[in-house]
Amino acid sequence: MSILIAYDGSEDAKAAIALAGEIMPGEPAVVLTVWERVAMTTARASAGLMMAVDQLGEEDKAVEEAMRELAHQGADLARQAGLDATARCDMDSVAVWSTIVDVADEIDARLIVTGTRGLGGLRSLLLGSTSDRVLHHAHRPMLVVPAPQKST
C-alpha cells in the first residue's frame, strides 16, 4: 500500500510533500496531479475566448503534458524528501476531489496527503475546498497540511 499525495505545484502541496517525507521516510508514495479539461474550457468560454473544437484538442494535449511534468516534479520533490515516489497524472471532468478519492481507492492508499490551499471567500463557501471535500468523501485516513508560515 502506498500513500497518495495530491500535488498541484502550490506552496501548500510542497509543504505536504515535505511533511510526508519527514514523518514517513522511505514509504512508497504516489504523487497525483489532476487536471480539468472541462473547467479550462468553461473558463475560456466565460472570458469570451471560444476556440474551435480542434484547437481545444491541441490545447488539452498541451495542458496534459504540462500537468504530467508537474506530477513528475512533485514526485522528484517527494523522493528528495525521502519517499519512494512515483508520479501520476489523471484528467478529471467532474471534480478534483472525486478523482483524488477514486485514485486513493484504486491504489488502496493507506493515507491521503494534501495541502490546505483553500479557495477563500464566497467561492469557498459555494464550492468548498478540495481538501475539505476529500476529507468528507474518502473512507481512509487523511493528513491535511496547513500552508507554510510566511516570514514578516
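Quantities reported herein were computed from a predicted structural model and do not represent experimental measurements.

What counts as what
- Residues numbered from 1 in each chain as written.
- Predicted model: local features only at pLDDT ≥ 70, side-chain atom pairs only at ≥ 80, totals over all residues.
- Heavy atoms only, no water.
- Salt bridge = Lys/Arg side-chain N within 4 Å of Asp/Glu carboxyl O.
- Helix = DSSP H or I, 4+ residues; strand = E, 2+ residues; numbered from the N terminus.
- Buried < 20%, exposed > 50% of the residue type's maximum accessible area, 1.4 Å probe, protein only.
- Pairing = 2+ DSSP bridges.
- Axes fitted to C-alpha atoms, helices over the stretch in contact; angles between N-to-C directions.
- Right-handed = clockwise from strand over helix to strand, strands pointing away.
- Core = buried A, V, L, I, M, F, W, Y, C linked by side-chain atoms within 4.5 Å.
- Contact = heavy atoms within 4.5 Å.

Visitor: Is there a simple way to explain the pattern of salt bridges in this structure?
Guide: Any two side chains of opposite charge can pair if their charged atoms end up close together. Going through the model one piece at a time under the given rule, you end up with eight salt bridges. Close ionic contact of R79 with D76 constitutes a salt bridge, the shortest N to O distance being 2.3 Å. Of the two residues, R79 and D76 both sit in helix α3 (residues 53-80), three residues apart, roughly one turn of that helix. Taking the relative accessible area as the measure of exposure, D76 reaches 35% and is therefore partly exposed. D108 is paired through a salt bridge with R140; the nearest N and O atoms lie 3.4 Å apart. With a gap of 32 residues between them, D108 in the loop between α4 (96-107) and β4 (111-115) and R140 in the loop between α6 (130-137) and β5 (142-145) connect regions that are remote in the sequence. Residue R140 is classed as buried on the basis of its relative accessible area, which comes to 19%. Through salt bridges that share partners, R88, D90 and E106 make up one connected network.

Visitor: What's the story with the sheet that holds β5 in this structure? I'm lost.
Guide: The pairing of strands in a sheet happens through backbone hydrogen bonds and is either parallel or antiparallel. If you walk across this open sheet you meet the five strands as β3-β2-β1-β4-β5, and the pairing is parallel. At either margin of the open sheet sits one strand with a lone partner, and together these are β3 (84-91) and β5. Taken over all neighbouring pairs, the strand axes of this sheet differ in orientation by 20° on average, direction set aside. Relative to β5, β4 runs parallel, the two sharing four bridges. Its bridge partner lying in β5, G115 is registered against V145.

Visitor: What should I look at first to understand the environment of E69 in this one?
Guide: The residue E69 is located in helix α3 in this model. Once the C-alpha coordinates of E69 and A87 are considered, the two residues, 18 residues apart in sequence, prove to be 9.0 Å apart.

Visitor: Honestly, the pairing of strand β2 (residues 28-35) in this entry has me stumped. Any pointers?
Guide: Remember that side chains alternate between the two faces of the sheet whenever the strand is regular. For β2, a buried count of seven out of eight residues is recorded, marking the element as mostly surrounded by other parts of the structure. Two elements, strand β1 (residues 3-6) and β2, share four bridges in a ladder whose sense is parallel. What sits directly across from I5, in β2, is V31. You can see the chain leave β1, run along helix α1 (residues 11-23) and come back into β2, and the turn it takes is right-handed. Alignment of β2 against β3, held across eight bridges, turns out to be parallel. Bridge pairing in β3 places A29 opposite A85.

Visitor: Honestly, the nonpolar core in this entry has me stumped. Any pointers?
Guide: Residues I3, I5, A20, V31, L83 and V113 are the most contacted members of the largest nonpolar core, which totals 19 residues. Of all the secondary-structure elements, those providing two or more residues to this core are β1, α1, β2, α3 and β4. Setting aside residues no more than four positions away along its own chain, V113 makes contact with L4, I5, A6, A16, A20, M24, L143 and V145. Within the second largest apolar cluster, 14 residues are counted, among which are A6, I100, A138 and M142.

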